[in-house]
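Chain by chain, the residues run as shown.
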Amino acid sequence: MGFDAVRGQARAVEVLTRAVASGRVAHAYAFVGPSGVGRKLTALAFAQALLCSAPLTLPSPPGGGEDKGEGVNACGTCRACRKVERGVHPDLMLIGPTPPESNPRGTVAIRLDTIRELERWAQLCPAEGPWKVFIVDDAGKMTPETPQAFLKTLEEPPPRTVIILILSQTRELPATVLSRCQVVRFVPLEEEETVALLEARGMDGPTARLLARASQGRPGLALAQDPGVWVEQREQALSILAEVEAGGAGPLFKWAESLGRDRAQVEQLIANWWFWYRAILCAKAGGDPRLLIHGDRQAQLTAAAAGRSWEELFQDLGSCRDAWQALQGNVSPRLTLETILSRLLLRAA
Ligand SMILES: [Zn+2]
């Protein structure tokens, strides 16, 4: 493990390894970036470097830059490092969203009780290492009353405590909480980096390429699901589109009703449609089909490209983009689905 395992996050790794090396470690960090790019892996590497009893000095931290200060990585072999890897280090606490106690199938969230437990534990001295490290995964999923309680810990941080909040966007938490954290940004990986990482995990070349593109540089997402599921999702996205184009309002409202409660599924549909219209656009421009996610559907793409004007295709891509932004802005998934399908349908009519 350690920072060696982190790919494509040179800037974040540089900031964190230098913090360990200099001893100027912030009380709280917010790791902000899309899921599946290595935020949690980096948080664990950071915790390991902080807790390691024989850390290694890196001559120059990955990422370069003008400042050639030293960085530090965990040794990976000492007792503390092995405990971190096995998830049993007493000074490392991982927190994530849980369902309500009364309803194990209810909505998961970071609850007041969990934060109170964190507070209580943060007051104690480290058991073995020099630090106590708390990693709060999906920190944006706090129940409404939780950030206020959490603020107390952030305002008067117990000594030798490091809290790492993992979230997708800064606006998931109130500014009062975020302003007390050092924000570390995470970015999607380059396509070649993603392909290499997926191949190193045993995926064959063409599948790795397909999923690197489909996951948009988020290898964690590509690894989290069976490649077969991705193919099924694409089939569903394209068949809904064909059905609505052919059948009009009936199928439109049927799909909006049956899928409209699931934000993640609607996001995935819109992403698929965006890639599909982009592939048609590339096909119309005479692009190399091997470079497209949907390169395996060349005949269908060519036919679709011939049947649409440039203007129509740009409009369709615009509709997908607007729908994506609406979802990120908390518009209901059902309304978003109705709107985008209406726009695509009106264009098709
Ligand atoms: Zn170590």
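As a convention, each chain's residues are numbered from 1 in the sequence order in which they are written. This being a predicted model, a pLDDT of at least 70 is required before a residue's local features are given, and a value of 80 or more before pairs of side-chain atoms are given or counted; all residues contribute to the totals for chains, interfaces and linings. The basis for the side-chain values is all heavy atoms of the structure; hydrogens and waters are excluded.

Buriedness of a pocket was judged along seven lines, with at least five required to meet protein on both sides within 12 Å; pockets are open sets of points on a 1 Å grid over the protein atoms alone, cavities are sets where a 1.4 Å probe fits but cannot get out, and lining residues have an atom within 4 Å of a point. Grid points are joined across faces, edges and corners, and a volume is the space filled by probe spheres set on the points. Quantified by volume, the largest pocket comes out at close to 1800 Å³. At the level of secondary structure, the elements contributing two or more residues to the lining of the largest pocket comprise strand 6 (161-167), helix 8 (205-214), helix 9 (219-224), helix 10 (227-247), helix 12 (263-284) and helix 14 (310-328). Numbering of helices and strands runs from the N terminus, with a helix taken as a DSSP run of H or I at least four residues long and a strand as a DSSP run of E at least two residues long. Element by element, the count of residues in the lining of the largest pocket is highest for helix 12, at nine residues. Residue classes follow a fixed rule: Ala, Val, Leu, Ile, Met, Phe, Trp, Tyr, Cys and Pro count as nonpolar, while Asp, Glu, Lys and Arg count as charged, and any other residue, Gly among them, counts as polar. Broken down by class, the residue content of the lining of the largest pocket amounts to 20 nonpolar, 15 polar and 10 charged. Here the second largest pocket is characterised by a volume of approximately 460 Å³. Top element by residues in the lining of the second largest pocket is helix 2 (residues 39-51). It accounts for four residues. Classifying every residue of the lining of the second largest pocket gives 10 nonpolar, four polar and five charged.

Here we take up the sheet that holds strand 7 (residues 182-185). Strands belonging to one sheet form pairs held by backbone hydrogen bonds; the direction of such a pair is parallel or antiparallel. When DSSP locates at least two bridges between a pair of strands, those strands are taken to pair. The strand order 4-5-6-1-7 describes an open sheet built from five strands, whose pairing is parallel. A strand with exactly one partner marks an edge of an open sheet, and here the two such strands are strand 4 (92-95) and strand 7. Averaged over all adjacent pairs, the angle separating strand axes in this sheet is 20°, with direction ignored. With four bridges connecting them, strand 1 (residues 28-32) and strand 7 associate as parallel partners. Paired with V32 across the two strands is R185, which belongs to strand 7. Working rule for contacts: check all heavy atoms of both residues, and any pair within 4.5 Å makes them a contact. Between N-to-C directions, angles span 0 to 180 degrees; the directions come from axes that are lines fitted to C-alpha atoms, helices contributing only their stretch in contact. Docked against the sheet, helix 2 engages strand 1, strand 4, strand 5 (132-136) and strand 6, running at close to 170° with respect to strand 6.

Further remarks concern helix 7 (residues 191-200). Looking at helix 7, one finds that the buried residues are T194, V195, L197 and L198. Along the axis of helix 7, the buried positions cluster into a sector of 165°, meaning they face one direction only. The elements touched by buried residues of helix 7 are helix 8 and helix 9. Where helix 7 ends, the next residue or the one after it, G202, has phi of about 95°, a positive value. Here the term buried applies to any residue with accessible area under 20% of the maximum for its type, exposed to any over 50%, and partly exposed to those in between, with areas from a 1.4 Å probe on protein chains only. What the arc measures is the spread of directions leading from the helix axis to the C-beta atoms.

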